[in-house]
Amino acid sequence: MMRSTRAASAIERLNTRTESREYSMLRTSDERFILTRRVAGQPLEKLNEAMELDDFVSFVNAQGPQKAKRVSKLDVQFEKNMRNKKEQTPP
C-alpha cells in the first residue's frame, strides 16, 4: 500500500503544478507504474513504459512546470557576500 501512496502523492503534486486533473497512473500486475494523461476528446495517453516506484516518482516529479525554490533574504545576502569575497581575493 505504501508503494502506491508515494506514487499517488507524486501524481497529486503534478496535477497541482499543472493546475489540471489530467494526469493519473496505472499500476501493473508486477507492481510497476505508468503515468497517463487524459485530455478531453482524445484517447488515454501513456507517457512512459512501466517503471519501478523510485524511477516512476522521479519521472513524475520532472514533468510539468517546476516550482521555483524558495530563497530567503539570508540566502541572497550570503551569495552576495561570497561573490564579493571572490572578487576581492587576489589571484
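See the structure printed just above.
What you see is a predicted model, and the numbers here were worked out from it, not measured in a lab.

Let us now look at the overall build of the protein chain. Looking only at helices and strands, one finds three helices and three strands in the protein chain. Seen in sequence order, the protein chain has helices and strands lined up from the N terminus as α-β-β-β-α-α. Relative to a compact globule of 91 residues, whose C-alpha radius of gyration would be 12 Å, the protein chain shows 20 Å and is clearly more extended. Taken along the three principal axes of its C-alpha coordinates, the protein chain extends 60 × 30 × 25 Å. Across the 91 residues that make up the protein chain, the buried fraction comes to 20%. Across the protein chain, every contact between residues at least 6 apart in sequence was considered, and the portion connecting residues at least 24 apart equals 36%.

With that settled, the discussion passes to the sheet that holds strand S3 (residues 45-46). The strand order across the open sheet formed by three strands is S1-S2-S3, and the pairing between neighbours is antiparallel. Each edge of the sheet is formed by a strand with only one pairing partner; in this case those strands are strand S1 (23-27) and S3. As defined by bridge partners, S1 adjoins strand S2 (residues 33-37) across five bridges and the pair is classed as antiparallel. When the bridges of S2 are listed, Arg27 appears paired with Phe33. Contacting S1 and S2, helix H2 (residues 53-62) crosses the sheet at an angle of about 25° to S2.

Moving on, we come to the pattern of salt bridges. Within this structure, the stated rule accounts for five salt bridges. We note a salt bridge from Arg21 to Glu12, for which the minimum N-O separation is 2.9 Å. Among the salt bridges present, the one from Arg27 reaches Glu31, with a minimum N-O distance of 2.6 Å. Residue Arg27 is classed as partly exposed on the basis of its relative accessible area of 41%. Look at Glu31 and you get partly exposed, because its relative accessible area is 30%.

Counting residues in each nonpolar core, the largest one holds 11 residues, listed as Ala7, Ala10, Ile11, Leu14, Tyr23, Phe33, Leu35, Leu53, Phe56, Val57 and Val60. Of all the secondary-structure elements, those providing two or more residues to this core are helix H1 (2-18), S2 and H2. Leave out the neighbours within four places in its chain, and Tyr23 touches Ile11, Leu14, Asn15, Thr18, Leu35, Thr36, Arg37 and Leu47.

About the thresholds
- Residues numbered from 1 in each chain as written.
- Predicted model: local features only at pLDDT ≥ 70, side-chain atom pairs only at ≥ 80, totals over all residues.
- Heavy atoms only, no water.
- Helix = DSSP H or I, 4+ residues; strand = E, 2+ residues; numbered from the N terminus.
- Rg over C-alpha atoms; globule rule 2.2 N^0.38 Å.
- Buried < 20%, exposed > 50% of the residue type's maximum accessible area, 1.4 Å probe, protein only.
- Contact = heavy atoms within 4.5 Å.
- Pairing = 2+ DSSP bridges.
- Axes fitted to C-alpha atoms, helices over the stretch in contact; angles between N-to-C directions.
- Salt bridge = Lys/Arg side-chain N within 4 Å of Asp/Glu carboxyl O.
- Core = buried A, V, L, I, M, F, W, Y, C linked by side-chain atoms within 4.5 Å.

Taken by themselves, the reported measurements are silent on function.
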